[in-house]
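In case you want the letters, here they are:
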Amino acid sequence: MLDIKLLRDDLDLVKQRIATRGTKIGWERFSALDRERREMLATLERLKEKKNQLSGEIGKLKKSGADASAPMREIGELSKAIGEREGPLAQAERRFEEFMLLIPNLPHDSVPAGSGAADNREVRRWGEIPRFDFTPKNHWDIGEELEILDFARAAKIAGARFALYRGQGALLERALIQFMLDLHTRERGYQEIIPPFLVNRDAMTGTGQLPKFEQELFRTADPDWFLIPTAEVPLTNIHREEILEREGLPIRYVAYTPCFRREAGSYGQDVRGLIRLHQFNKVELVKLSEPQNSYEELEKMVADAEEVLKRLKLPYRVVELCAGDLGFASAKTYDLEVWLPGQGTYREISSCSNCEEFQARRAQIRYRPEKKGRTVYVHTLNGSALAVGRTLVAVLENYQQKDGTVVVPEVLRPYMGGLDRIG
RNA sequence: GGAGAGAUGGCCGAGUGGUCGAAGGCGCACGCCUGCUAAGCGUGUGUACCCCUUAAAAGGGUACCGAGGGUUCGAAUCCCUCUCUCUCCGCCA
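Residues numbered from 1 in each chain as written. Chains lettered and ligands numbered in written order. Predicted model: local features only at pLDDT ≥ 70, side-chain atom pairs only at ≥ 80, totals over all residues. Heavy atoms only, no water.

J.: Quick question: what am I supposed to make of the protein's contact with RNA strand B here?
T.: In the vicinity of RNA strand B lie 22 residues, with Arg8, Glu45, Lys51, Ser55 and Ile75 positioned nearest. In RNA strand B, the atoms that sit within 4 Å of the protein are 71% sugar and phosphate, with bases accounting for the remainder. Here a base nitrogen of RNA strand B and a side-chain polar atom of Glu45 are 3.2 Å apart. Ser55 has a polar side-chain atom sitting 2.9 Å from a sugar or linking oxygen of RNA strand B. (Near = heavy atom within 4 Å. Polar contact = N/O pair within 3.5 Å; in protein donor to acceptor, adjacent residues only side chain to side chain.)

J.: What is the right way to read the packing of helix α7 (residues 168-187) against helix α10 (residues 294-312) from this model?
T.: Packed helix pairs are specified by the crossing angle of their axes together with the interaxial distance, meaning the distance between the axes. Packing of α7 against α10 leaves a shortest axis separation of 11 Å and a crossing angle of 130°. What the angle tells us is that α7 and α10 run oblique. The element α7 and its partner α10 pack so that their crossing is right-handed. Residues Leu176, Phe179, Met180, Leu183, His184 and Glu187 of α7 form the contact with α10, whose own contacting residues are Asp304, Glu307, Val308, Arg311 and Leu312. (Axes fitted to C-alpha atoms, helices over the stretch in contact; angles between N-to-C directions. Helix = DSSP H or I, 4+ residues; strand = E, 2+ residues; numbered from the N terminus. Parallel < 35°, antiparallel > 145°, perpendicular 65-115°, else oblique. Left-handed = near helix turned anticlockwise from the far one by under 90°. Contact = heavy atoms within 4.5 Å.)

J.: Got a minute to help me understand the sheet that holds strand β11 (residues 365-367) in this structure?
T.: Sheet strands pair by backbone hydrogen bonding; their relative direction is either parallel or antiparallel. Reading across from one edge, β5-β11-β12 is the order of the three strands in this open sheet, with mixed pairing throughout. Two strands bound the open sheet, and with one partner strand each, they are β5 (242-244) and β12 (376-377). The pairing of β11 with β12 spans two bridges and is classified as antiparallel. Paired with Tyr367 across the strands is Val376, a residue of β12. (Pairing = 2+ DSSP bridges.)

J.: How should I be thinking about the side chain of Glu337 in this particular structure?
T.: Relative to the helices and strands, Glu337 resides in strand β9 (residues 332-340). Judged by relative accessible area, which is 11%, Glu337 ranks as buried. Within the local environment of Glu337, its side chain forms a polar contact with the side chain of Arg317, the two groups lying 2.7 Å apart. Once you skip the residues sitting within four places of it in the chain, Glu337 turns out to touch Pro315, Tyr316, Arg317, Val319, Tyr346, Arg347, Glu348 and Ile349. (Buried < 20%, exposed > 50% of the residue type's maximum accessible area, 1.4 Å probe, protein only.)

The values are spatial; any link to function lies outside them.
Here you go:
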C-alpha cells in the first residue's frame with residue numbers, strides 16, 4: 001500500500017510512476033473517495049464530541065441528584081444522528097481501502113522503462129555456455145528416460161502440471177534443497193524457518209497477493225485458508241503488526257517450502273516438464289531492513305542467490321526488470337536466468353525484489369530508529385535462492401552426457417551419498 | 001471433539017457501569033545527585049486517524065483494554081458471537 005499522504009500531496013507524480021508499469025487505475029475516484037470519507041468522518045467526530053460532553057454532564061447531574069432530563073432528551077437526537085451516519089462512513093472507508101489495496105508499488109527511480117520482458121536490462125553474465133557434440137535433450141526427456149521423473153503418473157494422481165520424482169531424481173531434488181539451505185544458513189547469516197504452508201487472508205493481504213490475485217491462489221474450503229504461492233508470504237508476515245528492535249535489523253530468514261499456484265491463464269506455456277507446475281519446491285530468502293540500507297541488502301541478496309548457481313557451475317545472467325515487468329508489490333526486481341541447453345535459452349530461476357515499505361505498510365511491520373522516536377516502516381525484501389525444480393532442470397540439461405547419463409555437480413555429491421552420476 | 005480458565009500499554013500487573021488512555025511496578029528517555037560503578041531522587045514515556053496549521057511541532061478532537069455485535073445517556077467493566085492461549089479428558093502424526 002502506498003502512503004496516502006503521498007497521493008494527496010503529489011497525485012500527478014504517483015500517476016506518472018504507476019503508469020510506467022502499464023497499470024490502469026481509476027485515479028479520478030481517488031480524490032472523491034478520500035474527500036467523501038474525510039468529510040463524513042469529520043462530521044461524525046464532531047457529533048460524537050458533543051455527545052461525550054453531554055454524557056459527562058449527565059453523569060455529574062445524576063451524581064449530585066439533580067434532574068438530567070434535558071440533556072437526556074438532547075442526547076437522544078445526537079445518538080440518532082450518529083447512528084444514521086455510521087453505516088455510510090464505514091462503507092466509504094471500505095471503498096477507499098479497497099481502492100488503496102489495488103494500487104501497485106511505485107517503481108524505483110533506477111528501474112528501466114518498458115512494458116515487458118523484451119525491455120528488461122541485462123546486468124551481467126556468468127559462466128560458460130556448455131558445448132555439446134550431440135544434440136542436447138530437454139529435461140523431461142532426460143528425466144523420463146532415466147526414470148527419475150514421471151509426468152504421466154503425476155497426471156493420473158493429481159492432474160496436469162504436477163510432477164512425480166522417483167529414486168535418484170527425488171534424491172537430487174532433496175540434495176539441492178539441503179545444499180541451498182546449508183549455504184544460506186552457514187555462510188550467509190540467514191535463520192532457517194519452517195513456516196505454515198497454509199496461511200490466512202490477513203497474511204495474503206499483507207504481502208499483496210490479496211485482494212487482487214485471488215484467482216491465482218489455491219484455497220481451502222472450510223477454514224478460509226490459502227496455500228502459499230511462495231514462502232515470501234509466511235516469512236514476511238512473521239512480524240506482522242510488530243514493532244521491531246532496531247538492533248535486530250536486518251532480519252534474514254530462509255525457508256524451504258513447497259509453493260502452490262493455480263497458473264490460471266498460462267495454458268499454452270511450458271506445458272511439458274518441470275518449468276511451470278501447480279506445486280513446486282523453492283528455497284526463499286526474506287529480509288526486513290532499515291530503509292536506508294535496503295538497496296544495499298537487495299544487492300547482497302542477489303549475490304546470495306547467484307552463489308548457488310556459481311557453486312553448481314551453472315551459467316546464468318542477471319536481469320533488471322523493467323517497470324512493466326515488475327510484480328505488484330515490488331519497487332525493484334532482479335531476475336536470475338539460468339542457461340537451459342535443451343531450450344537454448346536463459347530461463348528465470350530466481351527473482352529478488354525490494355518491496356520497500358509497500359508490504360510493511362499493509363502488514364504493519366515497523367521499528368523505532370531512535371529509542372524515543374516515532375515508528376517507521378521497515379523495508380521488506382524477498383528472493384528465491386533458488387527455485388528448486390528449475391535448478392534440477394538446469395542440472396539435468398547442463399550436465400547431460402552423450403550416453404544419456406547425468407553427471408552430478410560436485411557440490412551435491414556429499415548430499416547424495418557420494419553419487420557422481422545418475423543413470 | 002468434550003469440560004474449565006484466560007486475553008488490559010514495550011513487559012508484568014490492578015481495575016466489575018461515569019472525569020480510565022487506564023493505578024502500581026519494570027523497562028526506557030531526560031535531568032539531578034554521586035571519587036568510579038551500583039544505588040537514590042525528580043520529570044516524562046502508547047498507537048492510528050481527523051481537524052487546524054505547517055517546514056515541522058504545538059494545539060483541538062475521535063477511536064482503541066483479543067475481534068465483531070448488543071444493552072446503556074455513558075462499557076476495560078454487563079450480554080451475545082467469534083478468534084487465540086493455557087489446563088484436563090478424548091483422538092491422532
